[in-house]
Amino acid sequence: MSPPPPAPASSVAPAAAAEVAPWIRARVGDVGRPTAGLPPVRGGDHLPGEAGLVTGLRNLRAWMHTGVDFMRARVEHYGPVFRLPVGPIATVAVADPEAIERILRNDDRAWSAALGWRVFFDGIDPTRATADSPASFDFEPHKDIRRLLQPGFSAAALAGYVEQAGAVIAPTIDGWLAARRVTFKPAARRMFATIADRVFLGVEDPDEAALLDRTMQAFWRGSIAVAKHPWLSPTWRRATRAYAELRDRLRGQVDARRRGDAGDLFSRVCRAAPAIGWVDDDTLVACYLGLMAAAFDTTACAVTSMAYLLATHPPWQERLRAEALALGPGPLVAEQLKQLELCDRAWRETLRRFPVAPDVPRRPLRDVEVAGHAIPAGAMVLALTAPLQLDPAVWTEPRAFDPDRFAPGRAEDRRRRGAYLPFGAGAHACIGAQLASLEAKAFWHALLSRARIRLAHPYHARHELSPLGSVSGDVELIVEPA
Ligand code: HEM
């Protein structure tokens, strides 16, 4: 494969104020928008933990299969900072809440999200040297990208998306009620792909939704391909092809969307882009693809886990049903959804117990100290947020499903800073957290005001990663009209 061309010249203010190890700057250029990834860095040998490719491959398998339980066991064994090979990648895992919060807030500008995320997606678009997704910028360029995306998340925009989601949710539930049954995991994926097609692209064609579903699944699976090379890995090949297909389709639409006045997120972002001079249309499309990837599968995973938890905790299902019925028939508008307080607690508890994004990658731009341990510049650091959500020192009976731990009187999430960060923190904190929660509530209000659910074949679920986190199994449900 020929090397990608250099990044286009840009007038963006470089992230000059960050103190950066000279070898990193020489290799990647402006750390605000790196033009290359970093090689693996040695130097964590003084830390407790494990090393080696064979251990890494074994860990990757266990990581995927048992998700947060694997991570929690490692943290209990090695402590808050340790070496953790995952597949071919030697990482330094950090599981100290205060340290994670400091890393994500990045007040000392010591940490790069861009170089962390590049490890998983470098080369997904071989035509570009920069890996332009929102998480692949830092500092000043990243602020511009957030400014670009923000109009798509205004209160008015969110209200419009909720309405569109409602128009997909109601007929989907009709179908489940008619069949009295649904295999929830794939059905939720399809439903959220259909919603995403409308909200993100303004498209109402079911075939397009299926394509988006396939594309995004291939994209995410690419992140865990052991060999990121099209000849060596069919998974990576599928990921790069899927990415190119969607990229070319969106790229061909930018002009028309800019001229129109459509309310979908992509059209809004296309109209906003010219205000940020250095963002050309290729960068715009790359960022938008990154946003979609961060958006739709995440919400589907979380709602699937919540389906399992409500199906296996009937008293909580009844409480949410009573709350839904008290608000009247749907579809509800965004302001009404905010009143679903019990549903909100159950949603937050689901994200605690079955975290969707269980870790956040970062690389230090210079030698740093984390929780008393020296970490060399450029090391691959995984901030393990998920195992903190099962820490018995913070949470009462951490493995129990107990949404009331988020009730104002208990507020267990406030017991220790940094112990509950399902949507991250700092400049890269999730831009879609509110949308995800509104969509989830719109869905649960619509379903529970018309039905009760239970597992068709009861089973004890694990947390697993695909690589996003959710409950194991297909969550096959009996849907009883009520
Ligand atoms: C349950 C659902 C979701 C979860 C658990 C989740 C979680 C996260 C987390 C942990 C991050 C921080 C990554 C980092 O610091 O490197 C993040 C970033 C992001 N999320 Fe979400 N997310 C969800 C839904 C969404 C939705 C619905 C959207 C868009 C509509 C979205 C768009 C993004 C974007 C664009 C970023 C990158 C932000 C940046 O780098 O500035 N997410 N998300």
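What you are looking at is a predicted structure, and each value in this text was computed from that prediction instead of being measured.

About the thresholds
Residues numbered from 1 in each chain as written. Predicted model: local features only at pLDDT ≥ 70, side-chain atom pairs only at ≥ 80, totals over all residues. Heavy atoms only, no water. 1 Å grid on protein atoms, 1.4 Å probe; cavity = no way out; pocket = protein on both sides within 12 Å on 5 of 7 lines; lining within 4 Å. Points joined across faces, edges and corners; volume = space filled by probe spheres on them. Donors = N, O, S within 2.8 Å, 3.2 Å for Na, K, Ca; no water. Helix = DSSP H or I, 4+ residues; strand = E, 2+ residues; numbered from the N terminus. Pairing = 2+ DSSP bridges. Axes fitted to C-alpha atoms, helices over the stretch in contact; angles between N-to-C directions. Contact = heavy atoms within 4.5 Å. Parallel < 35°, antiparallel > 145°, perpendicular 65-115°, else oblique. Left-handed = near helix turned anticlockwise from the far one by under 90°. Nonpolar A, V, L, I, M, F, W, Y, C, P; charged D, E, K, R; others polar. Expected span 1.5 Å × (residues − 1). Buried < 20%, exposed > 50% of the residue type's maximum accessible area, 1.4 Å probe, protein only. Near = heavy atom within 4 Å. Polar contact = N/O pair within 3.5 Å; in protein donor to acceptor, adjacent residues only side chain to side chain. Phe/Tyr/Trp six-rings, centres within 6.5 Å; stacked < 30°, edge-to-face > 60°.

Undergrad: What is the right way to look at empty space enclosed by the protein in this model?
TA: Gaps between atoms show up when a probe of the same size as a water molecule is rolled over them. Scanning the model with the defined rule gives 1 cavity of 30 Å³ or more in all. Within this model, the largest cavity holds a volume of roughly 40 Å³. T215, M216, F219, A242, Y243, L246 and L289 are the residues that line the largest cavity.

Undergrad: It is not clear to me how the coordination of the iron atom of the ligand should be interpreted in this structure. Could you clarify?
TA: Ideal coordination angles are 109.5 degrees for a metal with four donors arranged tetrahedrally and 90 or 180 degrees for a metal with six donors arranged octahedrally. Inspection of the coordination sphere of the iron atom of the ligand shows a single protein donor, C430 (SG), at 2.3 Å. Of note, C430 is situated in the loop between strand 8 (381-384) and helix 16 (433-448).

Undergrad: Explanation requested: the sheet that holds strand 4 (residues 181-183) in the structure shown.
TA: What the 3 strands build is an open sheet, ordered 4-12-9; its pairing is antiparallel. Single-partner strands in this sheet number two, and they are strand 4 and strand 9 (451-455). The mean inter-strand angle of the sheet, taken between neighbouring strand axes irrespective of direction, is 25 degrees. Here 3 bridges tie strand 4 to strand 12 (residues 476-481), and the two strands are oriented antiparallel to one another. Bridge pairing links R181 to I478 in strand 12. Contacts from helix 6 (residues 155-179) reach strand 4, strand 9 and strand 12, with the element oriented near 90 degrees to strand 12.

Undergrad: Would you mind going over the packing of helix 9 (residues 234-251) against helix 12 (residues 281-311) with me for this structure?
TA: Two numbers describe a pair of packed helices, the interaxial angle and the distance between the axes. Where helix 9 meets helix 12, the axes come as close as 10 Å, and the angle between the chain directions of the two elements is 125 degrees. Classified by the angle their axes make, helix 9 and helix 12 are oblique. Along this stretch, helix 9 crosses helix 12, giving a crossing that reads as right-handed. Contacts from Y243, L246, R247, L250 and R251 of helix 9 reach helix 12 at D281, D282, V285, A286, Y288, L289 and M292. Class assignment of the residues belonging to the contact of helix 9 with helix 12 gives a composition of 8 nonpolar, no polar and 4 charged.

Undergrad: What's the story with helix 6 in this structure? I'm lost.
TA: Since there are 3.6 residues in each turn of an α-helix, residues three or four apart along the chain are aligned in direction. Compared with the 36 Å implied by 1.5 Å per residue over 25 residues, the 36 Å span of helix 6 between its first and last C-alpha is a close match. Listed as buried for helix 6 are A157, L158, Y161, V162, A165, G166, V168, I169, I173, W176 and L177. R180 sits one or two residues past helix 6 and shows a positive phi near 60 degrees.

Undergrad: Got a minute to help me understand the pairing of strand 8 in this structure?
TA: Looking down a regular strand, the side chains alternate between one sheet face and the other. The two faces of strand 8 match: V381 and A383 on one face and L382 and L384 on the other face are all buried. Alignment of strand 2 (residues 89-94) against strand 8, held across 3 bridges, turns out to be parallel. From the neighbouring strand, A93 faces strand 8, where its bridge partner is L382. Sheet analysis places strand 5 (residues 359-364) next to strand 8, joined by 4 bridges and oriented antiparallel. Directly across from D359, in strand 8, lies its bridge partner L384.

Undergrad: What's the story with the site of the ligand in this structure? I'm lost.
TA: Around the ligand, the surrounding shell holds 28 residues, and the nearest of these are H142, R146, R362, H428 and C430. Between the ligand and R146 there is a distance of 2.7 Å, counted from an oxygen atom to a side-chain nitrogen or oxygen. Among the elements of the structure, helix 5 (139-149), helix 12, strand 5 and helix 16 are those that each provide at least two residues to the shell around the ligand. For the shell around the ligand, the element with the most residues is helix 12, which contributes 6 residues.

Undergrad: How should the packing of aromatic side chains be read in this particular structure?
TA: Working definition: an aromatic ring pair is given by the centre-to-centre distance plus the angle between the planes. Enumeration according to the criterion identifies 19 aromatic pairs in this entry. Aromatic pair W63 and F70: ring centres 6.2 Å apart, planes at 70 degrees, arrangement edge-to-face. Considered together, W63 and F70 belong to a single accessibility category, that of buried residues. Between F184 and W444, the aromatic rings sit 6.4 Å apart at their centres with planes inclined by 15 degrees, giving stacked as the arrangement.

Undergrad: What am I meant to see in the layout of surface pockets here?
TA: Each pocket or cavity is described by its volume, and for the second largest pocket that value is around 390 Å³. If you list the elements that add at least two residues to the lining of the second largest pocket, you get helix 15 (341-353) and helix 16. At 4 residues, helix 15 tops the list of elements feeding residues into the lining of the second largest pocket. In the lining of the second largest pocket, the residues fall into 10 nonpolar, 3 polar and 7 charged.

Undergrad: Sorry if this is basic, but what is going on with the side chain of D264 here?
TA: Within the secondary structure, D264 sits in the loop between helix 10 (254-259) and helix 11 (265-272). Those residues in contact with D264 that lie beyond four places of it in its chain are R198, V199, F200, L201, G202 and R257.

Undergrad: So what exactly am I meant to see when it comes to helix 9 here?
TA: Between its first and last C-alpha atoms helix 9 spans 25 Å; for 18 residues at 1.5 Å apiece the expected length is 26 Å, and the two agree. Buried residues along helix 9 sit against helix 4 (113-121), helix 7 (184-201), helix 8 (206-222), helix 10, helix 11 and helix 12.

Read these as geometric descriptors, not functional statements.
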